[in-house]
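Notes for the structure review
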Amino acid sequence: MHPDDLPALLTSLRVWDPERTTLPPLAPDTAPASPLPLFADWFAEAVAAGQPEPHTMSLATADDDGHPDVRTVMLHGADADGWSFATHATSRKGRQLAATPYAALGFYWSALGRQVRVRGAVHAAPADESQADLHARSTGALAAALTGGQSEVLGSLDELARRSARSWERARSAPDTPAPTWTLYRLQPDEVEFFQGDAARRHVRLRYRRDQGEEAGAGGWRTELLWP
């Protein structure tokens, strides 16, 4: 496609085609007092709705100059300890998190017209937990972790193929092999926003903010609505 054809292609696309998307209501008055139960419900509903790869999310970090970076990663869990993901501590995002341990996550589930935004402080899990997380995943995940070099300059695809082949062989023959730089990170949110799309563009945005004040709800959370 020629770049000049891009505007016409963009304007031809629909948002939330009713043949593919259901827009359920979000009733703030019946929302739970803390964000995690609502997130768990929404995640399960995204899976049930056939949302492709609902466990993928955008992860935003910042470099030393305050410039943002964003990429797509996998959600490894969400519980009282926070929303978790993993990467090499030596990767670009790992280095950025070491310098500025604060990040934002973004989920988009188009099948239901929903977004969830999470942001807060990030801390690295102990090494034994990080390795346990890695070894609970697939052989391919271990092979990729053992291949290493994430975010470094790659000389050629042949170099990648050779190192990856060795890593796959090791992952299959020794599935307990550690990947020392592989790190599980947990984001402890201080803000979580739920966005429910509406066909009339009266989108509902419900934000939870952590607040230890006397008026805070359960677990120190305050809720508020935002203009769409």
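Structure: above.
Throughout what follows, the structure given in this document is the object of discussion.

Parameters at a glance
Residues numbered from 1 in each chain as written. Predicted model: local features only at pLDDT ≥ 70, side-chain atom pairs only at ≥ 80, totals over all residues. Heavy atoms only, no water. Helix = DSSP H or I, 4+ residues; strand = E, 2+ residues; numbered from the N terminus. Contact = heavy atoms within 4.5 Å. Areas by Shrake-Rupley, 256 points an atom, 1.4 Å probe, with all protein chains shown as cover. Lys, Arg positive; Asp, Glu negative; His and termini not counted. Charge placed at Lys NZ, Arg CZ, Asp CG, Glu CD. Pairing = 2+ DSSP bridges. Buried < 20%, exposed > 50% of the residue type's maximum accessible area, 1.4 Å probe, protein only.

Looking only at helices and strands, the protein chain has six helices and nine strands in total. A principal-axis box enclosing the C-alpha atoms of the protein chain has dimensions of 55 × 55 × 40 Å. In the protein chain, once contacts between residues fewer than 6 apart in sequence are set aside, the share between residues at least 24 apart is 64%. Entry remark: accessible area of the protein chain is about 13300 Å², with carbon and sulfur atoms responsible for 53%. The protein chain carries 23 positive and 30 negative side-chain charges, and their two centres are separated by 3 Å.

Here we come to the pairing of strand β8 (residues 204-210). Here strand β7 (residues 182-196) pairs with β8 via six bridges, running antiparallel. Across the sheet, Val192 pairs through a bridge with Tyr208, a residue of β8. When β8 meets strand β9 (residues 221-226), the two strands line up antiparallel, connected through six bridges. Bridge pairing links Tyr208 to Thr223 in β9.

Following the sequence through the fold, Leu157 ends up in helix α6 (residues 157-173). Under the relative-accessibility criterion, Leu157 is labelled exposed at 66%. Separated by 36 residues in the primary sequence, Leu157 and Glu193 place their C-alpha atoms 41 Å from one another.

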